[in-house]
Amino acid sequence: QVQLLESGGGLVQAGGSLRLSCAASESIFSSNRMAWYRQAPGKQRESVATMSTRGNAIYADSVKGRFTMSRDNAKNTVYLQMNRLKPEDTAVYSCAAIPRSGTIAWGQGTQVTVSS
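Residues numbered from 1 in each chain as written. Predicted model: local features only at pLDDT ≥ 70, side-chain atom pairs only at ≥ 80, totals over all residues. Heavy atoms only, no water.

Chemist: I'd like a description of the packing of aromatic side chains, backed by residues and values.
Modeler: Scanning the model with the defined rule gives one aromatic pair in all. Plain terms: the ring middles of Tyr37 and Trp106 are 5.1 Å apart, the flat faces sit at 65° to each other, and that makes the pair edge-to-face. Highlighted residues: Tyr37 in strand S4 (residues 33-39) and Trp106 in strand S10 (residues 105-106), separated in sequence by 69 residues. What makes Tyr37 buried here is its relative accessible area of 17%. For Arg45, the ring lying beneath its charged end belongs to Trp106, and the centroid distance is 3.8 Å. Positioned above the aromatic ring of Phe29 is the side chain of Arg71, whose terminal nitrogen or guanidinium carbon lies 4.1 Å from the ring centre. (Phe/Tyr/Trp six-rings, centres within 6.5 Å; stacked < 30°, edge-to-face > 60°. Helix = DSSP H or I, 4+ residues; strand = E, 2+ residues; numbered from the N terminus. Buried < 20%, exposed > 50% of the residue type's maximum accessible area, 1.4 Å probe, protein only. Lys NZ or Arg CZ within 6 Å of the ring centre and 35° of its normal.)

Chemist: Give a detailed account of the sheet that holds strand S3 (residues 18-23), specifying residues and quantitative values.
Modeler: Pairing in this open sheet of four strands is antiparallel, and the strands run S1-S3-S8-S7 from one edge to the other. The open sheet has two edge strands with one neighbour each: strand S1 (5-7) and strand S7 (67-72). In this sheet, neighbouring strand axes are inclined to one another by 15° on average, regardless of whether the strands run parallel or antiparallel. As judged from the six bridges shared by S3 and strand S8 (residues 77-82), these two strands associate in the antiparallel manner. Each bridged residue has a counterpart across the sheet, and for Leu20 the counterpart in S8 is Leu80. (Pairing = 2+ DSSP bridges. Axes fitted to C-alpha atoms, helices over the stretch in contact; angles between N-to-C directions.)

Written out as structure tokens, the structure is:
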């Protein structure tokens, strides 16, 4: 299993911004789709953004225009820039590496709390 090291969560007021980071091994980073998921209290986990190894990103409708996923190949790191945050964005955000087959690797999760 790959180690996914996340950082960047925290408490922010509505309208503010945060940037999440997720670092992976080179082998996993170069061969797996990377994704950000979130799970709010009492809710099912949902995909926020996914990015192919070629850098093509897909976003959930709820975050389009506000969140941007990017990758830095030199650092084997993906980011999630979150702007104009809303209280509804409050959740545990997790990084994931999704292989063609086998087990998805998950980060430990980082709490994002947006106050109204």
